[in-house]
4 protein chains.
Amino acid sequence: METNNLIGHLIDGQDVYGTGRSQYVYNPATGAAEKRVLLADRQTVEAAIASAQAAFPAWRNTPALKRARVMSNLKQLLEQHADEICQLITAEHGKVLSDAMGELQRGIENIEYASYAPELLKGEHSKNAGPSIDSWSEMQPLGVVAGITPFNFPAMVPLWMWPLAIACGNTFVLKPSERDPSSTLLIARLALEAGLPPGVLNVVNGDKEAVDALLLDTRVQAVSFVGSTPIAQYIYATGTAQGKRMQALGGAKNHAVVMPDADIPQAVSALMGAAYGSCGERCMAIPLLVAVGDATAEALITGLRTEIAKMRVGPGDDARSDMGPLVTRQHYDKVRAYVANGVAEGATLLVDGREIELPKGYEDGYYLGPCLFDHVTPNMRIYQEEIFGPVLGVVRVSSLQAAMDLIDAHEYGNGTCIFTRDGEAARYFSDGIQVGMVGVNVPLPVPVAYHSFGGWKRSLFGDLGAYGPDGVRFYTRRKTITQRWPSAGLREAAVFSFPSNQ
Amino acid sequence: METNNLIGHLIDGQDVYGTGRSQYVYNPATGAAEKRVLLADRQTVEAAIASAQAAFPAWRNTPALKRARVMSNLKQLLEQHADEICQLITAEHGKVLSDAMGELQRGIENIEYASYAPELLKGEHSKNAGPSIDSWSEMQPLGVVAGITPFNFPAMVPLWMWPLAIACGNTFVLKPSERDPSSTLLIARLALEAGLPPGVLNVVNGDKEAVDALLLDTRVQAVSFVGSTPIAQYIYATGTAQGKRMQALGGAKNHAVVMPDADIPQAVSALMGAAYGSCGERCMAIPLLVAVGDATAEALITGLRTEIAKMRVGPGDDARSDMGPLVTRQHYDKVRAYVANGVAEGATLLVDGREIELPKGYEDGYYLGPCLFDHVTPNMRIYQEEIFGPVLGVVRVSSLQAAMDLIDAHEYGNGTCIFTRDGEAARYFSDGIQVGMVGVNVPLPVPVAYHSFGGWKRSLFGDLGAYGPDGVRFYTRRKTITQRWPSAGLREAAVFSFPSNQ
Amino acid sequence: METNNLIGHLIDGQDVYGTGRSQYVYNPATGAAEKRVLLADRQTVEAAIASAQAAFPAWRNTPALKRARVMSNLKQLLEQHADEICQLITAEHGKVLSDAMGELQRGIENIEYASYAPELLKGEHSKNAGPSIDSWSEMQPLGVVAGITPFNFPAMVPLWMWPLAIACGNTFVLKPSERDPSSTLLIARLALEAGLPPGVLNVVNGDKEAVDALLLDTRVQAVSFVGSTPIAQYIYATGTAQGKRMQALGGAKNHAVVMPDADIPQAVSALMGAAYGSCGERCMAIPLLVAVGDATAEALITGLRTEIAKMRVGPGDDARSDMGPLVTRQHYDKVRAYVANGVAEGATLLVDGREIELPKGYEDGYYLGPCLFDHVTPNMRIYQEEIFGPVLGVVRVSSLQAAMDLIDAHEYGNGTCIFTRDGEAARYFSDGIQVGMVGVNVPLPVPVAYHSFGGWKRSLFGDLGAYGPDGVRFYTRRKTITQRWPSAGLREAAVFSFPSNQ
Amino acid sequence: METNNLIGHLIDGQDVYGTGRSQYVYNPATGAAEKRVLLADRQTVEAAIASAQAAFPAWRNTPALKRARVMSNLKQLLEQHADEICQLITAEHGKVLSDAMGELQRGIENIEYASYAPELLKGEHSKNAGPSIDSWSEMQPLGVVAGITPFNFPAMVPLWMWPLAIACGNTFVLKPSERDPSSTLLIARLALEAGLPPGVLNVVNGDKEAVDALLLDTRVQAVSFVGSTPIAQYIYATGTAQGKRMQALGGAKNHAVVMPDADIPQAVSALMGAAYGSCGERCMAIPLLVAVGDATAEALITGLRTEIAKMRVGPGDDARSDMGPLVTRQHYDKVRAYVANGVAEGATLLVDGREIELPKGYEDGYYLGPCLFDHVTPNMRIYQEEIFGPVLGVVRVSSLQAAMDLIDAHEYGNGTCIFTRDGEAARYFSDGIQVGMVGVNVPLPVPVAYHSFGGWKRSLFGDLGAYGPDGVRFYTRRKTITQRWPSAGLREAAVFSFPSNQ
């Protein structure tokens, strides 16, 4: 596969290397630069697009059931290669292996959904829309579509996109994150092994040059993007100006509201995972805990401190680690700076993860322990901005309405959750809150694969969410056919004769 | 598995044998009685029902995704064991191996559809059905359901039923045909291997005693049956009188209409398979060819005679055979009698399959060659009755309307097809014909697994067809929930306090 | 309209009278026999069926949008004639005018749903089900269908049936209750005025002779019935034995569970209407209140006694009346006997509605005041049987599980509800309870018109519920078409020539 | 209504006039400037937005059934005021009254679809998405949305938009064409009369200043636009850059393909209406006729010439007129220039509509007679550009494939149609053609209101089409809720006590 630790591209069913630009891929657990990844230039991206374009006509005409079966095969292969994939994730991203397995599992669920293609692609048929006139819709594939994905879920986020796009009959060019591309690439190779014809799925590694090549090429019909909000907005505006179908998922700052009647031990347990899991590098992480009432806040903080004290930070491939390192040195520095800034702005730092003891040999890894702030307020940067690190802030309010006003005033509207036993409070919250994904006693309300993922406000640019029913709609174009046949003269002729040209 | 060629039951995850009644299972290719099958008494059936009843609560609460995954696993296992399964089919039913593989493949498609359960079981949710009132439907499983299946598709027809029933959360008792139960039983064992908990799927072999035990047991919530019309009607009436949900699929006499503008070579090729495939022992077979115009009739007959002359009849496990034997001696005698009767009634026997040379060692097999009648008329028994053998009759009419009047006057309404190039003729036919499954230039319009199978008139008793969307509806019970929460007093209280009992 | 207070039939768009049997229609408020209704003999019913049969072909081919528009027109006409309709209901059934208006309103909602026919009748279309093979389903009407409806909702229950059946393209014969047919008949006449062609909707008044004529006529494809369980079972078994599509809704004994954390004043208010509204003559009424804990029971009883003391019983057309009379003298005697029986069996009769003062001129009306029992137990007849009168019994249990066990042990499974603030309790209850329609803080969880009505257990015989999506499925027959066109030879011919017969 | 022939705005339920800019509205039949329309400035538009914003919370919480009923009421009012509306259309647009009635009827169908809102807004509910976890989607309204509509269908195109948007719970600001705003405004007033609360629907007249105010205001969540492609692209790019949900429908150049086996008289009749109806000022008009084979071309031309000779051009309010004037003097000049250009480029002008005799008093009207070109070729401007006038060009090709290649090479992909009897040809064409709306023997395949309108390529910018299912998706935002309740401790407590705060 990789030659001398060089990570290349997968184009037209072949591993492709070249002599162009490249950059290091680091192991965050050690800080070592173990591999290099090639950065595609425009020509390389165009070769991938050309391959996808060439593969489209035959793939589009392949019955959905057959396309779906490749997805079933791929599911099996991923289950067989799960350990290998997760080790690659951990080695390049840093998350602990159980987290890696979790994201792979979620990705597999998206593949399962894609395997329902024959059901998902049914159009609507109207008999006698008018006298002897029938009309129906066909959800046809778009052609070549592209995906641009972030570092934090190198297996899962690409699997939100291309399995469904391909099951719908499109062909695909994927540009994964250049920080941790190996697991993504391995999965793509397994998809070919599962039966995808060459060119149906292509992977190009790269940076902005590759991204712009995808955005500007007229053969690319649609692009799905996941990343930060400023980039998402740029991608969306650039692509739509080109007349492409676009969806761009951006940042988040998800609030968990805890009501006085909540099951506090359950809430604490749930929030520990939601705040610190995968080092907080998740767009559905919970970095803000909104406690309704001081008693609620105190009870939660007591519980959290107890749990934090038990956490072990260390390399992701050590089964004893609860939390691994951050993804890069640069990001590590940025998160530390946020912690310092929180202190400076007046929040109370209850637990400081910056002074953490590391196992021998891991001193150069990008480790930051769990941090817990109390008395966070909306004017602080640690309240307003997406930190993407293991930093949880407690905000105190006196009513559910106050909590909701806070959330609705925030720039982002990705996910949120409420902890309560009260049916009325839960319904009032989930009905009114200006957020796309809502959990009731569920801390990370990532919709299951057969529903759709989508934030509101500046967390998503585009009309349609990722995967699930919205994904099907995004990756298909509606064609509506209205049909009437000529008068029955031919049929009614005594015995209508063989046409002269037979 | 089988002990001394004795075929038992599969109850609560165990092979169960006993000392009760049994009967021979013959190999139709040789006429040899190679195995014995146990015939369950009431107690045995009740043990199976009890096992299913016990397994229900946990299975019902298993998320649909997990239930669906067992189906995906089973698909893999069936693909791995396909040869073994098909050899069992051929050894007990007689059909050629390629036919056996065809039916297994169709059955696997039903398993694939069952694996879409998370999508298929979605209910409808209405926000604000009234002010602050929400309402939604849940499609809940029924409990213990049963299936009673015929000899002609020992793999496929059971797979129309239990995978979907089980994926919907039910537990199942299957009574396959006692003529060829081994493939059915093997598939059920593989389903356990694939992950079905014991008791979720049980198989009992038997005859009327077993059937009546299933029909009369109050724990059985629903029964799906496929067989002949008189039995279907008995089963349906008996079960509905017990308050059970019932569907009973019966006989057929499918007409193929060929218009003068048809692609005759294509029609001939299609009709050969439809008339003689699997020895005509299919409820979707085409035993009647309605030619519009004498010229059409002559062209078809010329083509059919040519093709029939090339057919080889022989044992199903011989790759050179195009058609195997009929299923039993008794059925063989019955079909021969129909041929004689057709001659007696005045139809023209163009090809007589009764005088057929057999390979050595197969003289006692139940072989009948392809038979072709011309000038069949509606008053003849060979027109009216389901022969279930390799007997094709040509009926001549002078217009499409006359063809349709014939079809609509027939007792059965399972399937039909038309061969034409003309959009208007095809639409007029498919719109008006009183038949549930219609092919346009497709001779056996068996709906794909994600649509539903169902005849009209005396071909189906019950509201809902088999498999596909109708199958989901049949195997689930609607529950509608209407929900409003009490006044917001609790939520609006300044900081609502911890309930006293915490 | 009626001639000399004689109520006839509506057949083929005409009022039809005759010289056959008839019986009195009473005004329950006064006991006066004010009208006579004709009872159709078999010939009359067959004339109605023949009219429906004749109207079917043209109506079936009328585009769904046009059929739907008749429903929209009818909605307007019913709104314009609402007072007249409600006066007829009250004059023959006895319920107060506001209740009559309520049922008419619900019926209008079913008409609105029927007006969505173009959306509801969409079939599923699969492109490339195989290579160049398309397949789709059409939901075709059945032909002539019939409805047999009860006295308690003379406007609403017929409107559950025929508007949707007719919007789906069927033609209809309705046999309403002979106790209060006038409002039903008026609505049918308005439907003709709204644009239904003659014969599409026919109404025959009658008794068992008419019912049997409908059940046995082979032209009737399906029957919807609402009534008591013994009759429902008879109707269902008779019709299914005839091969008809059947649905028969029977009796009920709905339990309301009140948890200790419920909003008691809201629950009391809700239960007053649910127990005594329309004199308890509703299959969704609440005759049993299951209090979890004695404190809950006491609080509820205190509230109920207070509210009952304020109730006024009197003629339905007096705006001061909260509750009118029972429907007939015979039924009045039967309900009184139940009250006596409850006392005899040991229940505590807290409020006795038998001794009630009546306004002058109404002494012969069938009035019974609200009755309230405490300490009702499952062994009592007033627990087990459907009383259909203003009798509410309190059952005391110590846990939700005990309440659910009671409900699940009961013969009926129509509706139920729970009063609680607790999300977990509500979800546990609605998930597990063996009842088809569940309310959470909603006392009468009659599904809205765009969901479906259906009890479980002996409350419904048949696979499919009434109205809503199930109604659409009930009133249509699936036809699945699989289509492939012949080789492209014709199209690819250089310029394919005019067929010789043009 | 209008004061002194001054056409104002409708804001917050009130007619609003002002002192700002205005322009003439002409009667194209006479060329007379009969009215003036006010052109809103930014402040006026913002007042309308503010009104819509204020009306949103209550409207959003109004049950869908009640919102739908306003649509039903509006349908009645439009039917009652149809003549008045159509006279306004004809007086400002010029089309003949029967055309005006046709567009109004189409618009009413969209209102009917909007009245299905309770059905259309159902979300998907998944029970046990995980153990005891439920998940469902709610399709919530967006808030304030806007519509910007063209002159050619002043009644219909606005009715594609706001009824559905409003039925989904949004509030609306409409900016109709300033050339013919009166019918649009009258319909909006009737909607208020039908029951829309003030502010739910606002109409502002104006030009680019108003458009830009709508595009730039952050309170406007989404904009639907119909107009020419350059403006559509500008609108789409501007709106998406603002983070708004956008759909912008642009131009078209629809080709009708006629095969040699077509029913030529039927095709001629259909094409006459498609080419010249409403003076060709329709985005679904047929300006190009692609004849397969010269014989086909000759037969069509013979037929068309005969029909054209019978056509009468005159004022739209004269019942004898088949075709009225073009919309403006400027547009008239432009279309004439196209005709001249076609001649200059070498096409054969078979019928020249430029020299037309006009009735007395209409000499200053913008009348152009039907024009027919033969031998049009793809390099000509009359082939490439949207003329929007009564100009039909015949293109000759030798095969269906050649016809399809032409169509696929064109910039636009709105609608197309094929005339043939051949099922295979029709399916090949409709499957492969790169056009969003396809007719088979249907010249103007505008999807019915319960399907969706949407072109491909540069005919539509955005993911989702107009009206129908796509419209519902466009006007709603998905919210996905994932819900689990805390442990059953509370419920299982012996008798759980009243919370302390009650």
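- Looking at an unreviewed UniProt entry, one finds chain A named methylmalonate-semialdehyde dehydrogenase (CoA acylating), with Duganella violaceipulchra as its source organism.

1. Notes on the relation of the copies chain D and chain A
Thought 1: In screw terms, the move from chain D to chain A is a rotation of 180° and a rise of 0.0 Å along the axis, fitting with an RMSD of 0.0 Å. A rotation of that kind, with that shift, is consistent with a two-fold axis.

2. Quick notes on the confidence of the model for chain A
Residues and elements named next belong to chain A.
Thought 1: When pLDDT is averaged along chain A, the result is 95; 97% of the residues meet or exceed 70.
Thought 2: In the model, residues 498-502 has pLDDT below 50 throughout and makes 16 contacts with residues more than four positions away in sequence or in other chains.
Thought 3: In the predicted assembly, ipTM is 0.95 and pTM is 0.97.

3. A few points about the UniProt feature "domain: Aldehyde dehydrogenase" (unreviewed entry) in chain A
Thought 1: Mapped onto this numbering, the UniProt entry gives "domain: Aldehyde dehydrogenase" (unreviewed entry) at residues 22-481 of chain A.
Thought 2: Across residues 22-481 of chain A, the secondary structure splits into 43% helix and 22% strand, with the terminal C-alpha atoms separated by 49 Å.

4. What to know about the packing of aromatic side chains
Thought 1: Tallied over the full model, the rule gives 34 aromatic pairs over all chains.
Thought 2: Measuring from ring centre to ring centre gives 6.1 Å for Tyr24(C) and Tyr26(C), while their planes differ by 55°; the resulting arrangement is tilted.
Thought 3: By relative accessible area, Tyr24(C) is classed as partly exposed at 43%.
Thought 4: With a centroid separation of 5.5 Å and an interplanar angle of 65°, the aromatic rings of Tyr113(D) and Tyr116(D) are classed as edge-to-face. Each member of the pair, Tyr113(D) together with Tyr116(D), is buried.
Thought 5: Aromatic ring contacts, followed pair by pair, group Tyr113(A), Tyr116(A), Tyr113(B) and Tyr116(B) into a single cluster.
Thought 6: When the ring centre of Tyr24(A) is taken as origin, the NZ or CZ atom of Arg36(A), which lies over that ring, is 4.4 Å away.
Thought 7: Seen from the ring of Tyr428(B), Arg491(A) lies directly overhead, with NZ or CZ sitting 3.4 Å from the centre.

5. Digging into the interface of chain C and chain D
Thought 1: Contacts between the two partners involve 57 residues from chain C, matched on the other side by 57 residues from chain D.
Thought 2: Interface of chain C and chain D: buried area, both sides summed, is about 4500 Å²; carbon and sulfur atoms make up 56% of it.
Thought 3: Put simply, chain C and chain D have eight salt bridges between them.
Thought 4: Between chain C and chain D we count ten residue pairs in polar contact (both at pLDDT 80 or more) in total.
Thought 5: Of all the secondary-structure elements, those providing two or more residues to the side of chain C that touches chain D are helix 2 (64-80), helix 4 (97-114), helix 5 (117-120), strand 6 (123-130), strand 7 (133-141), helix 11 (294-310), helix 15 (423-432) and helix 17 (489-492) of chain C.
Thought 6: Among the elements that make up the side of chain C that touches chain D, the one with the highest residue count is helix 15 of chain C (six residues).
Thought 7: Among the residues making up the side of chain C that touches chain D, the classes are represented as 26 nonpolar, 16 polar and 15 charged.

6. Concerning the interface of chain D and chain A
Thought 1: Of the residues lining the interface, 61 residues belong to chain D; the matching set on chain A comes to 61 residues.
Thought 2: For the chain D and chain A pair, buried surface summed over both sides reaches about 5300 Å², with 48% attributable to carbon and sulfur atoms.
Thought 3: Contact with chain A buries area across many residues of chain D, yet His451(D), Trp456(D) and Asp463(D) alone supply 13% of it, more than any other trio.
Thought 4: Counting the contacts that link chain D with chain A gives six salt bridges.
Thought 5: Across the salt bridge formed by Asp470(D) and Arg473(A), the nearest N and O atoms sit 2.6 Å from each other.
Thought 6: On inspection of chain D and its partner chain A, the count reaches 34 residue pairs in polar contact (both at pLDDT 80 or more).

7. Remarks on the relation of the copies chain C and chain D
Thought 1: Overlaying chain C on chain D yields an RMSD of 0.0 Å, the required transformation being a rotation through 180° with an accompanying axial translation of 0.0 Å.
Thought 2: Comparing interface residues between copies, 100% of those in chain C also lie at the interface in chain D; the contact surface is shared.

8. Some details on the packing of helix 4 of chain C against helix 6 (residues 156-167) of chain C
All names here are of chain C.
Thought 1: For the pair helix 4 and helix 6, the least separation of the axes is 8 Å and the interaxial angle reads 10°. Overall, the two elements helix 4 and helix 6 adopt an arrangement that is roughly parallel. Where helix 4 abuts helix 6, its residues Glu103, Arg106, Gly107, Ile108, Asn110, Ile111, Tyr113 and Ala114 lie against Met156, Leu159, Trp160, Pro163, Leu164 and Ala167.
Thought 2: A class-by-class count of the residues in the contact of helix 4 with helix 6 yields ten nonpolar, two polar and two charged.

9. A word on the pairing of strand 14 (residues 288-292) of chain A
Where a strand is regular, its side chains alternate between the two sheet faces.
Residue and element names in this part refer to chain A.
Thought 1: A large share of strand 14 lies buried, amounting to five of its five residues.
Thought 2: Across four bridges, the pairing between strand 13 (residues 255-258) and strand 14 is parallel. Bridge pairing in strand 14 links Ala256 to Leu289.
Thought 3: Regarding the hand of the β-α-β motif, the stretch spanning strand 13, helix 10 (residues 264-276) and strand 14 is right-handed.
Thought 4: Here strand 14 runs beside strand 17 (residues 391-397); their pairing, made up of five bridges, is parallel. Among the inter-strand pairings, Val290 is bridged to a residue of strand 17, identified as Val395.

10. Comments concerning the nonpolar core
Thought 1: Of all hydrophobic cores here, the largest spans 309 residues; its most connected members are Trp162(A), Trp162(B), Trp162(C) and Trp162(D).
Thought 2: Leaving out residues up to four positions away in the same chain, Trp162(B) has contacts with Met71(B), Leu74(B), Phe172(B), Leu174(B), Ile187(B), Ala191(B), Leu196(B) and Leu201(B).

Cut-offs used in this document
- Residues numbered from 1 in each chain as written.
- Chains lettered and ligands numbered in written order.
- Predicted model: local features only at pLDDT ≥ 70, side-chain atom pairs only at ≥ 80, totals over all residues.
- Heavy atoms only, no water.
- Least-squares fit on C-alpha atoms with pLDDT ≥ 70 in both.
- pLDDT = per-residue confidence, 0-100.
- Contact = heavy atoms within 4.5 Å.
- UniProt positions renumbered as here; feature names shortened; annotations may be inferred.
- Helix = DSSP H or I, 4+ residues; strand = E, 2+ residues; numbered from the N terminus.
- Phe/Tyr/Trp six-rings, centres within 6.5 Å; stacked < 30°, edge-to-face > 60°.
- Buried < 20%, exposed > 50% of the residue type's maximum accessible area, 1.4 Å probe, protein only.
- Lys NZ or Arg CZ within 6 Å of the ring centre and 35° of its normal.
- Buried area = accessible area lost by both parts, 1.4 Å probe.
- Salt bridge = Lys/Arg side-chain N within 4 Å of Asp/Glu carboxyl O.
- Polar contact = N/O pair within 3.5 Å; in protein donor to acceptor, adjacent residues only side chain to side chain.
- Nonpolar A, V, L, I, M, F, W, Y, C, P; charged D, E, K, R; others polar.
- Axes fitted to C-alpha atoms, helices over the stretch in contact; angles between N-to-C directions.
- Parallel < 35°, antiparallel > 145°, perpendicular 65-115°, else oblique.
- Pairing = 2+ DSSP bridges.
- Right-handed = clockwise from strand over helix to strand, strands pointing away.
- Core = buried A, V, L, I, M, F, W, Y, C linked by side-chain atoms within 4.5 Å.

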